[in-house]
Number of protein chains: 4
Amino acid sequence: MSDRLIVTNGYRFRRVVTPATEGTIGLPTGSVTAEEIRRIGPGGSFAAGPERYYVLTQDLYDHLMYGLRRETQIVYPKEAGYLLLRLDLGPGRRVGEAGAGSGALTAVLSRAVGTTGEVHAYEIDARRIDLARRNLDLPGWFENVRFHHQPLEDGIAERELDAFFLDLERPWEALTAVQAALRPSGHVGIVVPTMNQVTRTLEALDAGAFLPIEIVEILIRNYKLAAQRMRPRDRMVGHTGYLIFARSLTTAPDRCAEEADLVDS
Amino acid sequence: MSDRLIVTNGYRFRRVVTPATEGTIGLPTGSVTAEEIRRIGPGGSFAAGPERYYVLTQDLYDHLMYGLRRETQIVYPKEAGYLLLRLDLGPGRRVGEAGAGSGALTAVLSRAVGTTGEVHAYEIDARRIDLARRNLDLPGWFENVRFHHQPLEDGIAERELDAFFLDLERPWEALTAVQAALRPSGHVGIVVPTMNQVTRTLEALDAGAFLPIEIVEILIRNYKLAAQRMRPRDRMVGHTGYLIFARSLTTAPDRCAEEADLVDS
Amino acid sequence: MSDRLIVTNGYRFRRVVTPATEGTIGLPTGSVTAEEIRRIGPGGSFAAGPERYYVLTQDLYDHLMYGLRRETQIVYPKEAGYLLLRLDLGPGRRVGEAGAGSGALTAVLSRAVGTTGEVHAYEIDARRIDLARRNLDLPGWFENVRFHHQPLEDGIAERELDAFFLDLERPWEALTAVQAALRPSGHVGIVVPTMNQVTRTLEALDAGAFLPIEIVEILIRNYKLAAQRMRPRDRMVGHTGYLIFARSLTTAPDRCAEEADLVDS
Amino acid sequence: MSDRLIVTNGYRFRRVVTPATEGTIGLPTGSVTAEEIRRIGPGGSFAAGPERYYVLTQDLYDHLMYGLRRETQIVYPKEAGYLLLRLDLGPGRRVGEAGAGSGALTAVLSRAVGTTGEVHAYEIDARRIDLARRNLDLPGWFENVRFHHQPLEDGIAERELDAFFLDLERPWEALTAVQAALRPSGHVGIVVPTMNQVTRTLEALDAGAFLPIEIVEILIRNYKLAAQRMRPRDRMVGHTGYLIFARSLTTAPDRCAEEADLVDS
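Residues numbered from 1 in each chain as written. Chains lettered and ligands numbered in written order. Predicted model: local features only at pLDDT ≥ 70, side-chain atom pairs only at ≥ 80, totals over all residues. Heavy atoms only, no water.

Moving on: the overall build of chain A. Scanning chain A from N- to C-terminus turns up 8 helices and 14 strands. Looking at chain A as a whole, 63% of its 265 residues are labelled buried. Accessible surface, chain A as shown: approximately 9,700 Å² in total, 47% of it carbon and sulfur. If you average the places of the 31 positive and of the 35 negative side-chain charges in chain A, the two averages end up 9 Å apart. (Helix = DSSP H or I, 4+ residues; strand = E, 2+ residues; numbered from the N terminus. Buried < 20%, exposed > 50% of the residue type's maximum accessible area, 1.4 Å probe, protein only. Areas by Shrake-Rupley, 256 points an atom, 1.4 Å probe, with all protein chains shown as cover. Lys, Arg positive; Asp, Glu negative; His and termini not counted. Charge placed at Lys NZ, Arg CZ, Asp CG, Glu CD.)

Residues and elements named next belong to chain A. Taken together, 4 strands build an open sheet; the order of strands is E2-E1-E6-E5 and the sheet is antiparallel. Pairing within the sheet leaves two strands with one partner each, and these edge strands are strand E2 (14–17) and strand E5 (45–48). Averaged over all neighbouring strand pairs, the angle between strand axes comes to 25°, with direction disregarded. Of the pairings in the sheet, the one linking E5 to strand E6 (residues 51–57) comprises 4 bridges and is antiparallel in character. Within E6, the residue paired with alanine 48 across the bridge is glutamate 51. Here helix H2 (residues 60–67) sits on the sheet in contact with strand E1 (5–8), E2 and E6, set at roughly 110° to E2. (Pairing = 2+ DSSP bridges. Axes fitted to C-alpha atoms, helices over the stretch in contact; angles between N-to-C directions. Contact = heavy atoms within 4.5 Å.)

Each copy of the sequence occupies a distinct position, and chain B is placed on chain A by a rotation of 180° and an axial shift of 0.0 Å, giving an RMSD of 0.0 Å. Classification of the inter-copy transformation places it as that of a two-fold axis. Residue glycine 81 of chain B of chain B places its C-alpha closer to the rotation axis than any other residue of that unit, at 1.9 Å. In this assembly the copies share their binding face: 100% of the residues contributing to the interface of chain B also contribute to that of chain A. (Least-squares fit on C-alpha atoms with pLDDT ≥ 70 in both.)

Moving on, we get to the interface of chain B and chain D. Each side of the interface is counted separately: chain B has 4 residues, and chain D has 4 residues. Of the roughly 320 Å² buried where chain B meets chain D, counting both sides, 42% is carbon and sulfur surface. The three residues of chain B that bury the most area against chain D are Met195, Asn196 and Arg221 of chain B, which together make up 63% of that side's buried surface. At the boundary of chain B with chain D, the tally comes to 0 salt bridges. The residue makeup of the side of chain B that touches chain D, split by class, is 1 nonpolar, 2 polar and 1 charged. (Buried area = accessible area lost by both parts, 1.4 Å probe. Salt bridge = Lys/Arg side-chain N within 4 Å of Asp/Glu carboxyl O. Nonpolar A, V, L, I, M, F, W, Y, C, P; charged D, E, K, R; others polar.)

As a measure of interface size, the accessible area lost when the parts come together is often cited. If you look at the interface, chain B gives 82 residues, while chain A gives 82 residues. Counting the surface lost from both chain B and chain A, the interface buries some 7,300 Å², and carbon and sulfur atoms represent 55% of this. Contact with chain A buries surface across chain B, with Tyr11, Leu85 and Leu225 of chain B losing the most and accounting together for 11% of the total. On inspection of chain B and its partner chain A, the count reaches 8 salt bridges. In this structure, the salt-bridge partner of arginine 221 of chain A is glutamate 217 of chain B, at a minimum N-O distance of 3.4 Å. Put simply, chain B and chain A have 31 residue pairs in polar contact (both at pLDDT 80 or more) between them. If one sorts the elements of the side of chain B that touches chain A by residue count, strand E12 (residues 210–222) of chain B sits on top with 12 residues. Classifying every residue of the side of chain B that touches chain A gives 39 nonpolar, 18 polar and 25 charged. Bridging between strand E12 (residues 210–222) of chain A and E12 of chain B involves 7 bridges; their strand directions are antiparallel. By the bridge assignment for E12 of chain B, valine 216 of chain A is matched with asparagine 222 of chain B. (Polar contact = N/O pair within 3.5 Å; in protein donor to acceptor, adjacent residues only side chain to side chain.)

Turning to unusual backbone geometry, a few remarks are in order. Cis geometry is adopted by the peptide bond preceding proline 212 of chain A, which originates at leucine 211 of chain A and carries an omega value of -10°. Among the secondary structure elements, proline 212 of chain A is positioned in strand E12. Although it is not a glycine, aspartate 88 of chain B sits at a positive phi angle of roughly 60°. Within the secondary structure layout, aspartate 88 of chain B lies in the loop between helix H3 (77–86) and strand E7 (94–98).

Our next topic: the confidence of the model for chain A. Of the residues in chain A, 95% have a pLDDT of 70 or more, and the chain-wide mean is 93. The ipTM assigned to the predicted complex is 0.95, against a pTM of 0.96. (pLDDT = per-residue confidence, 0-100.)

Take the sheet that holds strand E2 (residues 14–17) of chain D next. All names here are of chain D. Here we have 4 strands laid out as an open sheet, ordered E2-E1-E6-E5, and antiparallel in their pairing. In this open sheet, the two strands that pair with only one neighbour each are E2 and strand E5 (45–48). Between one strand axis and the next, the sheet turns through 25° on average, direction left out of account. Across the sheet, helix H2 (residues 60–67) is in contact with strand E1 (5–8), E2 and strand E6 (51–57); its angle to E2 comes to roughly 110°.

This part takes up the environment of glutamate 79 of chain C. Residue and element names in this part refer to chain C. For glutamate 79, the position within the fold is in helix H3 (residues 77–86). Exposure remark for glutamate 79: the relative accessible area of 2% places this residue in the buried category. A C-alpha to C-alpha distance of 8.6 Å links glutamate 79 and glycine 241, two positions 162 residues apart in sequence. Ignoring anything within four residues of it in the chain, the contact list for glutamate 79 reads Ile218, Thr240, Gly241 and Leu243. Among the polar contacts listed, one links the side chain of glutamate 79 to the side chain of lysine 78, at a separation of 2.6 Å.

Quick look at the structure:
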């Protein structure tokens, strides 16, 4: 984004470079100056020792996967992309998030809603807010984010939000506050790592005014790059989290999700 | 979106309603007038016979899954969300697409880049362009889309596009034209249903100036909604397509992806 | 097996034929006599109308998938094959099972342990025992199976069994009885459809004398048969059940599985 | 099996012990004598330092996963179990295999067909045959295995085999020889790591006399052992191989698998 570039050998090695503030950059095989990288520019390449390196603009995906400092489990692109669609986010939307953690999802939300939108990032741990702020300190980007250092239980000042995403240990305790902050028919999204949390969350959604409910997990499978020997990579990520989505109603439904689900499917 | 609403029982039944132009709406158990639905408004509910129905705003996801008329296989949300991130799309981006098909992905791209962005949708089948246009005929939405009724092989007029997505039978034949239309370091995304097409595409990327390359498939697994009997649904979608991503370089790499991939991983 | 044959068009149509007792057999395109099928024999083929049909010996897989009358969810080959290995079954082993249901797994266990082995199939529903008996009524096969019409809670008469497999609503209630029937270091296998049951079962195993514990699910993905258009089938089975395996100890472990698992992994 | 035992802490640490021939056995926390382990016996436990260890009989699964010396990629239990069912193996069956590799699948086949069956293991690499022989050198086990140090192209001496399993670089070159060795209606099973090999194999099956054909992959997902935090493990095996199954006919089918598959599904 903006002023940052990526230097890569096209495979595992990737290095984020800020040409304006860096001097010499170490590579697996030699080194290069930031000035030289700026001169080569995006899409170009250079040799260093036996290896060729490529210069790319840093995009949001690179920032999430290689640029962020993480102290918490982040929401990965396979989930982040899907939730953009499920929460119906786009330019101009007003969205809330808790906990902000390292700011990875905050960055995705910020990009999606743009300068006409708003991101309200709640986080109870002051150190994580500092970390997220540093991770989001890219000139001209992420200026629509406002951090709130408080628990959701203390209340959410915003009203008529379009969507709210929860990445909390006990999301079921936050649903009442979230519903008060959402516009009617607004979206709530939740990620939890364990099935026991899914059960608790589903019970809470069932006891409240939320429908339709969706519970999914998303798996991504990477393939090797040999055209004559096409096959998935040997190892894959087996689990990151379960995603839960629901829409906010003004009155509670007559029957629980389970009952209706059985009737319906 | 905008003027449309969804009436749903919270489960399988979903009906898109345009209150301004409709009269009485049939339901599985009785009927309701559009006027009544407008009065109830988003988030509200009403009873019809033994069943309760809920009124929701129509969001983009609803439009893709329930509102579109389809004559072609569409790109599904699980893939569409991921490609938004991989193609680094956001407000203001200029993106190309071919073939536009029923316009499902066109809608997703349009929403993501917003009024400050551009979507150039190429499609060789005039009937599909008509269909896509009807599917995208929602007041105030999708006005950043321009359809091009021509094959990519005839050339792409745009230059310095940020990204291009290909949903074609033979995407490898379009790569040269796409690369000419992309800015250096821009993104190309491709979906193909078969592994033989992946092989052909990877060979073409390897022969050109594209790096890094990623090949993935994305699986989504839905869970039933019974909190005391948590389990995935019995059936799931087994396959939609393989996704391929690469970035455009100004010069071809020294060695092929396979070779480098083996060294690197 | 033995006296039964399969008539198939090589794809969806499959018909089990008992030549000794049948006359004319209806086909999607015409008919054939049992006498003719016997004459053609396994591996041979014949035309009926525009279609060609093939004669095959009926194997156990065919019997499970096409021959059995089912009134219950059966344990599928993807799970049945894996559990043969995990329960260390082979000729001469003595194995218990509850509930026997339609007899599908009973058939697999019976085949695996052979004439020198024993299968003890417990089932509390007399109608299901009748069904399983009919499903296993193939001359010369399954003679090592003994059905027990009683709940496990009434006690298991056998001692020193090598393995026991549970397909019950509440398997945790049967573990004490099962452990008494197993030889020290013997195997218990369990299938349950829901994650809530996995939790309850794991708690019970943890409270008892079982280690190591393994919890898995097995997914099978079928591919289409077009060599130039290789791709998985559009739909797949999303879930059948979770499998749990453990070995029986003579004394309870010091610490619970969770604690040790965290230390260890 | 037979005279071997496993010493384990119930989790990652597993050590195969042959009490008859070993003296003192080193453990992560201390040591134990083989004599002591024999005295404790299967199912029993002992403390060494702060840790408790358990004694178990060595089963076939343990032998495959922890006991074998491997120099090649082995066929894993998730595939091995499934192929036992698909190849219709059980006591008394006569089965062929090539290449035998480290003997892992040989062991599974041997156990399944028992003392009344036969396993013919073909392997062109003499060093691998030595390795497989050492891996199968357990008194009283695997005596039904006969190794053949020759390529399948030189011909298979056996006739009327019930099934043949191929784990070769170019399985399509072996199909004619395999078919000559199989009884009519017999089973062929094949594992290949890449989709390009699947394509080649399917073309060869299509050109020959084999039907029905099945192509699958099997995925196994392991769960963590915390009852209050149920979730899959973070990482899983993403790929081992594609499995192909077909039955041998006496005459070639009229139409290719693809054509029929399309008609049929």
